[in-house]
Amino acid sequence: MSTSASMKILAQKYIPYAEMLAKIGNNAVFIVDKNGHFYFISDKFKLFGYDDIPQNDSSEIQDYPLKRRIHPDDLAMKELIDEKICEFLSSLPIEEQVQYKYIYNYRGMASDGTYGRVTNEVQRLEVTDDNYLALGIIEIAPDQSENLPVRVQIKHCITGEIIPIKIEEEDAFALTPREKEILTLASQGFSSKEIAEKLFISTYTVNRHRQNIREKFNAESLIEAIDIARRKGVL
């Protein structure tokens, strides 16, 4: 039996619980494995304007690309954080891995293409030698402030202990392809307006990327960020 088939069988005992969670709360619920294959996606995703969610008995559900709804800048950082979380949990005995949940805060895309902040809780339900099954809950975040970084915490569900996630300096400086493109053009002396025209995006989008770059480099100005990027070998 393939890993996917065995996880599908395993997921069946948790789907009624996921359905109940989706009914009693205004949040979106899903069950997913380590490889990003989905076994349940609640219809409450319609609250976020998602009108393309496949039926749970459909063959399309398993490979539904939910992560395409995450802002590309936030997705890059989230994937770095995911690696750290996986390293931490994989260091624990299997029976302990299910005692932790990790809570993200990032920007998710609505059906009209705009982004709003969401909170995404994930907890492993079952862990095998080469895979795991996890329950995820997404809801609108109370803080909708712009230009916030991706935030995450790991919490022990029994003791309440918070486990810090450390992103190495070189990881924190990791830029998305678009950010690097904009930083490179800015280092060549192009203004935001000129960059926008070259990349066929709005000046507002360019300025938002510039702000994200400054935050990643903890720089007061883009000139300082450019200097740091050169010293770190990013440019």
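Report on the accompanying structure. These figures come from a predicted structure and were not determined experimentally. Sequence positions are assigned chain by chain, starting from 1 and proceeding in written order. Reporting in this predicted model follows two pLDDT cut-offs: at least 70 for local features of residues, and 80 or more for side-chain atom pairs to be given and counted; totals over whole chains, interfaces and linings ignore these cut-offs and use all residues. Processing note: side-chain calculations cover all non-hydrogen atoms of the structure and skip hydrogens and water entirely.

## Brief notes about the overall build of the protein
The test is simple: Secondary structure counts use DSSP, requiring at least four H or I residues in a row for a helix and at least two E residues in a row for a strand, with both numbered from the N terminus. Only protein chains enter the calculation, and the probe is 1.4 Å; a residue is then buried if its accessible area is under 20% of its type maximum, exposed if over 50%, and partly exposed in between.
Helix and strand counts for the protein stand at nine helices and seven strands. C-alpha atoms of the protein, sized along the principal axes, occupy 60 × 40 × 35 Å. Among the 235 residues that make up the protein, the fraction classed as buried is 43%.

## Brief notes about the sheet that holds strand E3 (residues 100-109)
Just so we agree on the cut-off: Should DSSP find at least two bridges between two strands, the strands are regarded as paired. Here a residue-residue contact requires only that any non-hydrogen atoms of the pair lie within 4.5 Å. Structural elements are reduced to axes, namely lines fitted to C-alpha atoms, with helices fitted over the stretch in contact, and the angle between N-to-C directions of any two is expressed from 0 to 180 degrees.
Taking strand neighbours across the sheet as the criterion, the seven strands line up as E2-E1-E5-E4-E3-E6-E7 in an open arrangement whose pairing is antiparallel. Only two strands of the sheet have a single partner each, and these edge strands are strand E2 (38-41) and strand E7 (162-163). Relative to strand E4 (residues 115-127), E3 is paired through nine bridges, and the arrangement is antiparallel. If you follow Tyr104 over to E4, its bridge partner there is Asn120. Along the sheet face, helix H3 (residues 72-90) touches E3, E4, strand E6 (151-156) and E7 and points at about 170° away from the line of E3.

## Examining the layout of surface pockets
The cut-off we apply is this: Every definition here rests on a 1 Å grid over the protein atoms only: cavities are sets of points where a 1.4 Å probe fits but cannot get out, pockets are open sets enclosed by protein on both sides within 12 Å along at least five of seven lines, and lining residues have some atom within 4 Å of a point. Grid points are joined across faces, edges and corners, and a volume is the space filled by probe spheres set on the points. Polar here means any residue other than Ala, Val, Leu, Ile, Met, Phe, Trp, Tyr, Cys and Pro, which are nonpolar, and Asp, Glu, Lys and Arg, which are charged; Gly is therefore polar.
Taken as a whole, the largest pocket encloses approximately 820 Å³ of empty space. Lining the largest pocket are 34 residues, with Val32, Gly36, Lys67, Lys78 and Asp82 sitting closest to its centre. Elements represented by at least two residues in the lining of the largest pocket include exactly strand E1 (28-33), H3, E3, E4 and strand E5 (132-140). Broken down by element, the lining of the largest pocket gets its largest block of residues, seven residues, from H3. The residue makeup of the lining of the largest pocket, split by class, is 21 nonpolar, four polar and nine charged.

## Section: H3
Under the convention used in this document: In a helix, the anticipated span is given by 1.5 Å times the number of residues less one.
Compared with an ideal rise of 1.5 Å per residue, which puts 19 residues at 27 Å, H3 spans 27 Å between its outermost C-alpha atoms and is within 8% of the ideal. Those residues of H3 that sit buried are Asp73, Asp74, Leu75, Met77, Lys78, Leu80, Ile81, Lys84, Ile85 and Leu89.

## Remarks on the side chain of Gln97
Formally: Distance and chemistry together define a polar contact, namely a pair of N or O atoms within 3.5 Å, with one atom able to donate a hydrogen and the other to accept it when in protein, and with adjacent residues in sequence counting only for side-chain atoms on both sides.
Positionally, Gln97 belongs in helix H4 (residues 94-97). Under the relative-accessibility criterion, Gln97 is labelled buried at 5%. Among the polar contacts listed, one links the side chain of Gln97 to the backbone oxygen of Leu92, at a separation of 3.2 Å. With residues up to four places along the chain from it excluded, the contact list for Gln97 reads Leu89, Ser90, Leu92, Arg124 and Val127.

## Quick word on helix H6 (residues 177-187)
The line we're drawing: It is the directions from the helix axis to the C-beta atoms that the arc portrays.
The set of residues buried in H6 consists of Glu179, Ile182, Leu183, Leu185 and Ala186. Projection of H6 onto a plane perpendicular to its axis shows the buried side chains occupying an angular sector of 165°, all on one side. As for H6, its buried residues are in contact with H3, helix H7 (192-199), helix H8 (203-216) and helix H9 (222-232). Positive backbone phi, at 95°, marks Gly189, one or two positions downstream of H6.

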